[in-house]
Structures are given as structure tokens and as C-alpha cells.
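Report on the structure
Listed here are the chains, written in short residue letters.
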Amino acid sequence: VSKLCNQMPQLLDAVFDGLMWHASVLVDQKVRVNYYIREMYGVPSETPDSWTSTLGELVQHGSPNLFNHPVLEVLLHNKWQRFGLQVYLLIQAWFTIKLSLFTYGFAQMRSDCSTPTVASRLAVGSMSTCTVLAQIFVIQSQIRLKQTCAVEPFPIRLPRFLANPWNSARFFSSVLL
């Protein structure tokens, strides 16, 4: 896929078109379509580094317009529905709770030393410690597996986790808390 993206990007539409089968019979004014996306979906046991999977290669080397193709739309929709949405909501809930506790314990009640205020401050500290430890584990794993990427315009390579500005901001804010 990376070779196609780099050398013959105009062929990718034809490849994706070949991954769809259209029925010749209309049912309730609709055409049935089968999508053959198993190889593009990726199996974690076959490709433990998601950036070397077919979809990862398309993200890195393909044109953003490719993701308007029906095959990729179905693929991304399936991934989002199966686990992406749940993971996203879990992460957002974790950081929302942490921010709420921080706002209550440090900003709203900054001069109060009552038990609930101290408990919220300790909860923020505990959550930040757990967050930092989990993020360090991810960063260390990516360094060990050489899952790094160049950061333009600097001549350095960062773990993929830290190459994302939001992840970097969350990591450094958790360290500061």
C-alpha cells in the first residue's frame, strides 16, 4: 500500500473499487453492497504495530481524499463503532473527571483545607500519577519497538505518542499536577 501511495496513487481508487461487490438486483429500491475489508481492517496478532497495517500506511502515505471512498468510510465506521468510540469516551471521561476535581480542589477551594477539598486534591494527584505511569509505559514501549517518527523541522525522533501535540500536552500537564 505504501508503494501504491508513493508511486501510483491514482490506482488506489481502482483497488478500493475492487473491494466492493454490488448486487444486480434492487431490494426496496436499494442496491446491496458487500465490502471486502478484512485485510484492510488489520488483525493485531498479525501486525502488532498499527502504523504498519494497511490503514496505518494509508494514513501516513495516502492522500486525505482517499478517505472519502466508500470502502474506507465503511472501514473507519466499523472500527469506530466496534472500539474507537468506547476508548475515546473513556479517555475523555478520565480527563474530564481529573479536570473537574482539579478545578474544585485547587481553583475553587484554594484556601480551604477541609476533608472534601483535601480528598479531591489527593484524587487529582493519584489520577495524575496513574496517567503519567500509563503514558510512560506507552512511550517506553514505543521507544523499545522503534515506533518513532520525525518531528519537522527539528532533527529529532519522538515516540508516536508524543508526536501528537494533544498527547504531549496531556503528558506534561499530568507531570505538573
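Our subject is the structure listed above.
The following refers to the structure shown. Just so it is clear, the structure is predicted and the values come from calculations on it, not from any experiment. (Residues numbered from 1 in each chain as written. Predicted model: local features only at pLDDT ≥ 70, side-chain atom pairs only at ≥ 80, totals over all residues. Heavy atoms only, no water.)

1. Brief notes about the overall build of the chain
Our working definition: By definition, any uninterrupted DSSP run of H or I lasting at least four residues is a helix, any uninterrupted run of E lasting at least two residues is a strand, and each is numbered from the N terminus. Atoms considered for the radius of gyration are the C-alpha atoms alone. The globule rule reads 2.2 Å times the number of residues to the power 0.38. Using a 1.4 Å probe on the protein chains alone, a residue whose accessible area is under 20% of its type maximum counts as buried, one over 50% counts as exposed, and one in between counts as partly exposed. Should any heavy atoms of two residues lie within 4.5 Å, those residues are considered in contact. For every accessible area listed, the method is Shrake-Rupley and the probe measures 1.4 Å; residues are considered covered only by the protein chains on display.
Looking only at helices and strands, one finds eight helices and four strands in the chain. Counting from the amino terminus, the chain carries its helices and strands in the arrangement α-α-β-β-α-α-α-α-β-β-α-α. Whereas a compact globule of 177 residues would reach a radius of gyration of roughly 16 Å, the chain reaches 22 Å, over 25% beyond that. C-alpha extents for the chain along the principal axes are approximately 70 × 50 × 30 Å. The 177 residues of the chain split such that 28% are buried. Of the contacts formed within the chain by residues at least 6 apart in sequence, a portion of 45% connects residues at least 24 apart. Accessible area for the chain stands at about 12,300 Å²; split by element, carbon and sulfur atoms hold 65% of it.

2. Observations concerning the packing of aromatic side chains
The cut-off we apply is this: Classification of ring pairs rests on two measures: the distance between centres of Phe, Tyr or Trp rings, Trp counted by its six-membered ring, which must be within 6.5 Å, and the angle between planes, read as stacked under 30 degrees, edge-to-face over 60 and tilted in between. We count a charge as sitting over a ring when the NZ of a lysine or the CZ of an arginine lies within 6 Å of the ring centre and within 35 degrees of the ring normal.
On inspection of all chains with the given rule, the structure shows three aromatic pairs. Arranged with centres 5.2 Å apart and planes meeting at 70°, the rings of phenylalanine 171 and phenylalanine 172 form a pair that is edge-to-face. Of the residues examined, phenylalanine 172 reaches a relative accessible area of 48% and is grouped as partly exposed. Taking NZ or CZ as reference, lysine 79 lies 4.6 Å from the ring centre of tyrosine 41, over its face. The side chain of arginine 121 reaches across the aromatic face of phenylalanine 106, ending 5.4 Å from its centre.

3. A short note on the nonpolar core
Just so we agree on the cut-off: Buried Ala, Val, Leu, Ile, Met, Phe, Trp, Tyr and Cys residues that are joined via side-chain atoms within 4.5 Å together make up what is termed a nonpolar core.
Phe16, Met40, Leu58, Val71, Leu72 and Leu75 are the most contacted members of the largest nonpolar core, which totals 15 residues. At the level of elements, helix H2 (12-17), helix H3 (38-41), helix H4 (54-61) and helix H5 (70-108) are the ones that each hand at least two residues to this core. Per-element accounting of this core gives the leading share, three residues, to H5. With residues up to four places along the chain from it excluded, the contact list for leucine 75 reads Ile37, Met40, Tyr41 and Leu55. The next biggest cluster of nonpolar side chains, apart from the first, holds five residues, and it includes Ile139, Phe161, Leu162 and Phe171.

4. Points about H5
Formally: The span one expects for a helix is its residue count, reduced by one, times 1.5 Å. Here the bend at a residue is taken as the angle between two axes, fitted respectively to the seven residues that end there and the seven that start there.
The terminal C-alpha atoms of H5 lie 49 Å apart, and with 39 residues this falls more than 12% below the ideal 57 Å at 1.5 Å per residue. Approximately 55° is the largest bend angle found in H5, and it occurs at glutamine 81. Turning to H5, its buried residues are Val71, Leu72, Leu75, Lys79, Gly84, Phe95, Lys98 and Gly105.

5. Brief notes about the pattern of salt bridges
Stated formally: Salt bridges are defined as contacts in which a side-chain nitrogen from Lys or Arg sits within 4 Å of a carboxyl oxygen from Asp or Glu.
Throughout the structure, instances matching the rule amount to two salt bridges. One salt bridge connects glutamate 46 with arginine 38, and the closest N-O pair in it is separated by 3.9 Å. Neither glutamate 46 nor arginine 38 differs from the other in exposure class; each is exposed.

6. As for helix H8 (residues 165-176)
Heads up, the condition is: Pairs of N or O atoms are called polar contacts if they sit within 3.5 Å, as long as, within protein, a hydrogen donor faces a hydrogen acceptor (for residues adjacent in sequence, only side-chain-to-side-chain pairs).
Taking 1.5 Å per residue, twelve residues should reach 16 Å; H8 reaches 16 Å between its end C-alpha atoms and fits that length. Of the residues that open H8, the one with a side-chain oxygen 2.8 Å from the backbone nitrogen of tryptophan 166 is asparagine 164.

7. Some thoughts on the side chain of serine 120
The topology assignment puts serine 120 in helix H6 (residues 115-144). Residues contacting serine 120, with those up to four places away along its chain left out, are Leu101, Tyr104 and Gly105.

8. Thoughts on unusual backbone geometry
For residues besides glycine, phi is generally negative; the peptide bonds are generally trans as well. The linkage connecting glutamate 152 with the following residue, proline 153, adopts the cis geometry, with an omega of 0°. Turning to its location among the elements, proline 153 is positioned in the loop between strand S3 (148-151) and strand S4 (156-159). Positioned with a positive phi, lysine 146 is a non-glycine residue whose angle comes to about 60°. Tracing the chain through its elements places lysine 146 in the loop between H6 and S3. Residue class for lysine 146 comes out exposed when judged on its relative accessible area of 70%.

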